[in-house]
Amino acid sequence: MATSKGSSIPSSGNSHDHQDDDASFRVNELPRARFWDAMDICQWEGSWFEPGLVKPAVTFRTTFQAHHDDVLLASPPKTGTTWLKALCLCIMQNPIPIATSDIGVNAEAAADDDDDILAKDNPHFHIQTIESMIYATKPHPDLYSTPSPRLFHTHLPYKVLPDSTKNSPGCKIVYITRNPKDTLISLWHFFNSIFRPNGLEPYPLDRAVDCFCSGVHQYGPFFDHVLEYWLESQKRPTKILFLKYEELKREPKAEVKKLASFLGRPFASEEEVEKVVWRCSLERLRNLEVNKNGSILYGVPNSSYFRRGAVGDWKNYLTPELEEQINRTACSKFEGSGLCLEDA
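In this convention, every chain numbers its residues from 1, walking through the sequence in written order. Totals for whole chains, interfaces and linings use every residue, but because this is a predicted model, local features are given only for residues with pLDDT of at least 70 and side-chain atom pairs only at 80 or more, for both listing and counting. Values reported for side chains reflect all heavy atoms of the structure, with hydrogen atoms and water molecules removed beforehand.

Some points on the overall build of the protein
Next, step 1: Note on conventions: DSSP H or I runs of at least 4 residues are helices, E runs of at least 2 residues are strands, and numbering of each starts at the N terminus. The helix and strand tally for the protein stands at 17 helices and ten strands.
Next, step 2: Any residue under 20% of the maximum accessible area for its type is buried, any over 50% is exposed, and the rest in between are partly exposed; the area is computed with a 1.4 Å probe on protein chains only. Relative to its full complement of 344 residues, the protein shows a buried share of 54%.
Next, step 3: The contacts of the protein with a sequence gap of at least 6 include a subset with a gap of at least 24, amounting to 74%.
Next, step 4: Counting every atom, the protein has about 14,800 Å² of accessible surface; 51% of that belongs to carbon and sulfur. Contact definition: two residues touch when any of their heavy atoms are within 4.5 Å. Areas reported as accessible are Shrake-Rupley estimates using a 1.4 Å probe. Residue values count occlusion only from the protein chains shown.

As for unusual backbone geometry
Glycine aside, the phi torsion of most residues is negative, and most peptide linkages are trans.
Next, step 1: Residue proline 149 is bonded to the preceding serine 148 through a cis peptide linkage, with omega at -5°.
Next, step 2: Summarising the element assignment, proline 149 is placed in the loop between helix H7 (123-126) and strand S6 (151-154).
Next, step 3: Cis peptide bonds are those with omega within 30 degrees of zero, and the linkage from glycine 220 to proline 221 qualifies with 5°.
Next, step 4: With respect to the element layout, proline 221 can be found in the loop between helix H10 (205-214) and helix H11 (222-235).
Next, step 5: Not every positive phi belongs to a glycine, and aspartate 37 is a case in point at roughly 55°.
Next, step 6: As for its position among the elements, aspartate 37 is in the loop between strand S2 (32-35) and strand S3 (39-44).
Next, step 7: On the basis of relative accessible area, aspartate 37 is assigned to the partly exposed category, the value being 46%.

Focus: the nonpolar core
Next, step 1: Counting 61 residues, the largest nonpolar core has Leu184 and Leu318 as its most contacted members.
Next, step 2: Leu87, Leu243, Leu248 and Leu288 belong to the second-largest nonpolar core, a separate cluster that totals 34 residues. Buried Ala, Val, Leu, Ile, Met, Phe, Trp, Tyr and Cys residues that are joined via side-chain atoms within 4.5 Å together make up what is termed a nonpolar core.

Observations concerning the sheet that holds S6
Next, step 1: Pairing is parallel across the open sheet formed by four strands, whose spatial order is S6-S5-S7-S8. A strand with exactly one partner marks an edge of an open sheet, and here the two such strands are S6 and strand S8 (240-244). The sheet shows a mean angle of 20° between the axes of neighbouring strands, taken without regard to direction.
Next, step 2: Strand pairing is defined by DSSP finding a minimum of two bridges between the two strands. Here strand S5 (residues 71-74) runs beside strand S7 (residues 172-177); their pairing, made up of four bridges, is parallel. What sits directly across from leucine 72, in S7, is isoleucine 173.
Next, step 3: In this fold helix H4 (residues 81-92) packs onto S5, S6, S7 and S8, with an angle of close to 165° to the strand it touches most, S6. Between N-to-C directions, angles cover 0 to 180 degrees, with each direction set by a line fitted to C-alpha atoms, over the stretch in contact for helices.

Description of the confidence of the model for the protein
The predicted coordinates should not be examined in detail at positions where pLDDT is low.
Next, step 1: With 79% of its residues at a pLDDT of at least 70, the protein reaches an overall mean of 83.
Next, step 2: The predictor's confidence in any single residue is recorded as pLDDT, a number from 0 to 100. Counting interchain partners and residues more than four positions distant, the pLDDT-below-50 stretch residues 2-24 has 54 contacts.

Focus: the packing of H4 against helix H13 (residues 252-262)
Next, step 1: Running from amino to carboxyl end, H4 crosses H13 at an angle of 60°, the nearest separation of the two axes being 11 Å. By the angle between their axes, H4 is oblique relative to H13. Pair H4 / H13 crosses with right-handed handedness. Residues Leu84, Leu87, Cys88 and Ile91 of H4 lie in contact with H13, whose contacting residues are Val256, Leu259 and Ala260.
Next, step 2: When residue character is reported, Ala, Val, Leu, Ile, Met, Phe, Trp, Tyr, Cys and Pro are called nonpolar, Asp, Glu, Lys and Arg charged, and the others, Gly included, polar. Per-class residue counts for the contact of H4 with H13 are seven nonpolar, no polar and no charged. Here is the rule for angles: anything less than 35 degrees is roughly parallel, anything more than 145 is roughly antiparallel, 65 through 115 is roughly perpendicular, and the remaining ranges are oblique. By definition, turning the near helix anticlockwise from the far helix through less than a right angle yields a left-handed crossing, and turning it clockwise yields a right-handed one.

Thoughts on empty space enclosed by the protein
Next, step 1: Only protein atoms enter the 1 Å grid used here, on which a cavity is any set of points holding a 1.4 Å probe that cannot leave and a pocket is any open set flanked by protein within 12 Å on both sides along at least five of seven lines; residues with an atom within 4 Å of a point are listed as lining. Grid points are joined across faces, edges and corners, and a volume is the space filled by probe spheres set on the points. Taken as a whole and judged by the stated rule, the model has two cavities of 30 Å³ or more.
Next, step 2: One number sums up the size of the largest cavity: a volume of about 60 Å³.
Next, step 3: Forming the walls of the largest cavity are Phe35, Trp36, Leu184, Leu187, Phe191, Ala208, Cys211, Phe212, His217 and Gln218.
Next, step 4: Listed by contribution, the elements that provide at least two residues to the lining of the largest cavity are helix H9 (180-195) and H10.
Next, step 5: Here the lining of the largest cavity is composed, by residue class, of eight nonpolar, two polar and no charged.

Quick look at the packing of aromatic side chains
Aromatic ring pairs are described here by two measures, namely the spacing of the ring centres and the angle between the planes.
Next, step 1: Ring geometry is summarised as follows: Phe, Tyr and Trp rings, the Trp one being its six-membered ring, pair when their centres sit within 6.5 Å, and such pairs are stacked at plane angles under 30 degrees, edge-to-face over 60 and tilted between the two. Using the criterion set out here, one finds 22 aromatic pairs in the structure.
Next, step 2: One aromatic cluster in this structure is built from Phe35, Trp36, Phe190, Phe191, Phe195 and Tyr203.
Next, step 3: Stacked on the ring of tyrosine 158, the Lys or Arg lysine 166 has its end atom at 4.9 Å from the ring centre.
Next, step 4: The aromatic ring of tyrosine 245 is capped on one face by arginine 178, whose charged end is 4.3 Å from the ring centroid. When the NZ atom of lysine or the CZ atom of arginine is within 6 Å of a ring's centre and also within 35 degrees of its normal, the charge is said to sit over that ring.

Considerations on the pattern of salt bridges
Next, step 1: Put simply, a salt bridge is a Lys or Arg side-chain nitrogen that is within 4 Å of an Asp or Glu carboxyl oxygen. Counting across every chain of the model gives 14 salt bridges.
Next, step 2: Notably, a salt bridge pairs aspartate 37 with arginine 207, separated by 2.9 Å at the nearest N-O pair. A residue pair is termed long-range when its members are at least 10 positions apart, and aspartate 37 in the loop between S2 and S3 and arginine 207 in helix H10 qualify at 170 residues.
Next, step 3: A salt bridge links glutamate 271 to lysine 275, with the shortest nitrogen-to-oxygen separation between them at 3.3 Å. Placement of the pair is glutamate 271 and lysine 275 together in helix H14 (residues 270-279), with a separation of four residues, close to one helical turn.
Next, step 4: Linked through salt bridges whose partners overlap, the residues forming this network are Lys253, Lys257, Glu270 and Glu274.

Shown next as structure tokens:
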């Protein structure tokens, strides 16, 4: 993919300066590329972003002050973000007293409960993705004045997070990622639904794989993004919890219990675990009315966040050659790190 060169916004750590106030026009000077022949992206701090996301990212990095009980959710796109947001909402903010017998038998009635935060709006409304809220379709609470404990989310790489988030002893980070081949296929479906709707020919999959492996894609490079958070989680496991989508699918109760314990909200009983796992199941979320209709971000229907969610769906799309191309890239990037993102 062709790119154009330019100067970059200087790093400024967490100290606010006037250069960062001028980021809006300096974005035009950043290296550029064309993503899937549909959208310009620019390179800032070694990663690729839609240009409109850079100024909010710079503002977040330079001005945000973490609280001791903040929880930052982080992920590459299309790796389980919606599911993680729903789980953390249930664990942290709004448990519903549902009897065990209600699960399944009275599931529809329970889903309509007035206290069910997940039935009121899409998880992306309740937990903001900081840098993309400029594209919100309706007003959101001001992140900086939200009462504690604050839950928020980012797709930003670890290297550009605010120093206060990295260094605050009590602020925790929960990261989720996914097998790169399933990630790529999910991205491919998602962006085709936005860039090429109404039966238009999808973007060629071999070219999408090239973009993915080269790292020149929205929030890319994927492999660098994952590796940064993985290495930090190994250094500070009480600060950063590293979750894998496949493990959450395979052992949901065990992984949800691990998540709740990390957040300082351990469950009192297996019944509570089952309630959260059921309430946040992809099948239930997909069928809630708020997720069938409406939009949280301009041009992105809520329904687009819920496709299959299956592990191993890549096998239905990738040729052996494309599979091998992604495998080679993963092996090269993750070599010696101890990280393995398993195949189905």
